[in-house]
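# Chain and residue survey
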Amino acid sequence: QVQLVESGGGLVQAGGSLRLSCAASGRTFSSYRMGWFRQAPGKEREFVAAISWSGGSTSYTDSVKGRFTISRDNAKNTVYLQMNSLKPEDTAVYYCAQYSLSTTRVAITAAVDYWGQGTQVTVSS
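Described below are features of the structure shown in this document. Please read all numbers here as calculations on a predicted model, not as lab measurements.

Moving on, we get to the side chain of Thr 119. Counting through the fold element by element, Thr 119 comes out in strand β11 (residues 119-124). Take Thr 119: its relative accessible area is 10%, and that puts it in the buried class. Here the side chain of Thr 119 touches Gly 9 through a polar contact of 3.2 Å, landing on its backbone nitrogen.

Structure (structure tokens):
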């Protein structure tokens, strides 16, 4: 069974940086598209970033473009989210996601087969 474990969250001041990691086990990691979603209190879970199986294609939601970078290291079965220039509105629980092989979309939760437990990111003003 697939297991995704996030780490790297924490408390940071506005303008600071964090790097999130997601370690995957179970199925062959490199065969799947991976992504990050986030969910703030009282809000729906929203798409943040995604990366293709090879790492050659990435997607970002508009609010994080130019600030966040998604990457993956298939040899380590790990996907990363580098978060720079953080803003208080980035505060949320961040979830690692493994997409369905059949999906053609990345920005919807229905495309995700497996979720990590989440890691809290808090940005203070």
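Time to look at unusual backbone geometry. Although it is not a glycine, Asn 77 sits at a positive phi angle of roughly 55 degrees. Mapped onto the secondary structure, Asn 77 falls in the loop between β7 (68-73) and β8 (78-83). Positive phi outside glycine occurs at Ser 85, with the angle close to 50 degrees. Tracing the backbone shows Ser 85 in the loop between β8 and β9 (92-99).

Of all six residues in β8, five are buried; the element is thus mostly enclosed. In the sheet, strand β3 (residues 18-25) pairs with β8 via six bridges, with the strands oriented antiparallel. Within β8, the residue paired with Cys 22 across the bridge is Val 79. In this structure, β7 lies alongside β8, joined through six bridges in antiparallel fashion.

Cut-offs used in this document
- Residues numbered from 1 in each chain as written.
- Predicted model: local features only at pLDDT ≥ 70, side-chain atom pairs only at ≥ 80, totals over all residues.
- Heavy atoms only, no water.
- Helix = DSSP H or I, 4+ residues; strand = E, 2+ residues; numbered from the N terminus.
- Buried < 20%, exposed > 50% of the residue type's maximum accessible area, 1.4 Å probe, protein only.
- Polar contact = N/O pair within 3.5 Å; in protein donor to acceptor, adjacent residues only side chain to side chain.
- Pairing = 2+ DSSP bridges.

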